Amino acid sequence: MLTVDGARVGEVLLRRQVFTPRVGGLLWWSRWGDSVETIEERVVLDDGRDEDALILPANLDAVIGQWASGAVEALGQKFRVEWVARDDREPGAP
């Protein structure tokens, strides 16, 4: 939950993603690079604004530091964040 001055203003969702860049070719001739783990950060504010960001490994330590301190920066603003766990996997999924 995101807050400003103690009032709820929206939500943030973090999801682990695996990204595999295409390094060449086209269509069925595509060549793929090494896969990297990333974090997708999705911010949705109650006023309807939203933003998606893909946090790449080179930036991950700095961003995790912000998250751990209870801060999220998005849409040109800083927010306080209260973290809650949410598991949206399908029942029975590993």
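Here, the structure is the one placed above.
Residues numbered from 1 in each chain as written. Predicted model: local features only at pLDDT ≥ 70, side-chain atom pairs only at ≥ 80, totals over all residues. Heavy atoms only, no water.

1. Thoughts on unusual backbone geometry
Of note in this structure, Asp 5 is not a glycine but carries a positive phi near 50°. Inspection of the secondary structure puts Asp 5 in the loop between β1 (2-4) and β2 (7-19). A residue is classified by how much of its surface remains accessible, and Asp 5, at 81% relative accessible area, is exposed. Within the chain, Leu 27 stands out as a residue other than glycine whose phi angle is a positive 50°. Tracing the backbone shows Leu 27 in the loop between β3 (22-24) and β4 (31-32). (Helix = DSSP H or I, 4+ residues; strand = E, 2+ residues; numbered from the N terminus. Buried < 20%, exposed > 50% of the residue type's maximum accessible area, 1.4 Å probe, protein only.)

2. Brief notes about the pattern of salt bridges
Note that side chains of opposite charge can pair when their charged atoms are close. For the coordinates displayed, the defined rule picks out 7 salt bridges. One salt bridge in this structure joins Arg 15 and Glu 40, with 2.9 Å as the shortest N-O distance. Here the residue Arg 15 occupies a position in strand β2, and Glu 40 occupies one in strand β5 (residues 36-45), the gap between them amounting to 25 residues. What makes Glu 40 buried here is its relative accessible area of 18%. The closest approach of N and O atoms between Asp 52 and Arg 42, which form a salt bridge, is 3.0 Å. Here Asp 52 is found in strand β6 (residues 50-55), whereas its partner Arg 42 is found in strand β5, with 10 residues between them in sequence. By relative accessible area, which is 47% here, Asp 52 ends up partly exposed. With a relative accessible area of 30%, Arg 42 lands in the partly exposed category. Connected via shared salt-bridge partners are Arg 8, Glu 11 and Asp 46. (Salt bridge = Lys/Arg side-chain N within 4 Å of Asp/Glu carboxyl O.)

3. A short note on the sheet that holds strand β7 (residues 71-74)
Overall, antiparallel pairing links the 6 strands, which are arranged β6-β5-β2-β1-β8-β7 in an open sheet. Among the strands making up the open sheet, the edge pair consists of β6 and β7. Between one strand and the next, the sheet's axes are offset by a mean angle of 35°, whatever the strand orientation. Strands in contact with helix α1 (residues 57-68) are β2, β5, β6, β7 and β8 (77-81); relative to β5, the strand with the most contacts, it is inclined by about 45°. (Pairing = 2+ DSSP bridges. Axes fitted to C-alpha atoms, helices over the stretch in contact; angles between N-to-C directions. Contact = heavy atoms within 4.5 Å.)

4. Brief notes about the environment of Glu 51
Among the secondary structure elements, Glu 51 is positioned in strand β6. Spatially, the C-alpha atom of Glu 51 lies 7.0 Å from that of Ala 74, the residues being 23 residues apart in sequence. Setting aside residues no more than four positions away along its own chain, Glu 51 makes contact with Glu 41, Arg 42, Val 43, Ala 74 and Leu 75. A distance of 3.2 Å separates a polar side-chain atom of Glu 51 from the backbone nitrogen of Leu 75. (Polar contact = N/O pair within 3.5 Å; in protein donor to acceptor, adjacent residues only side chain to side chain.)

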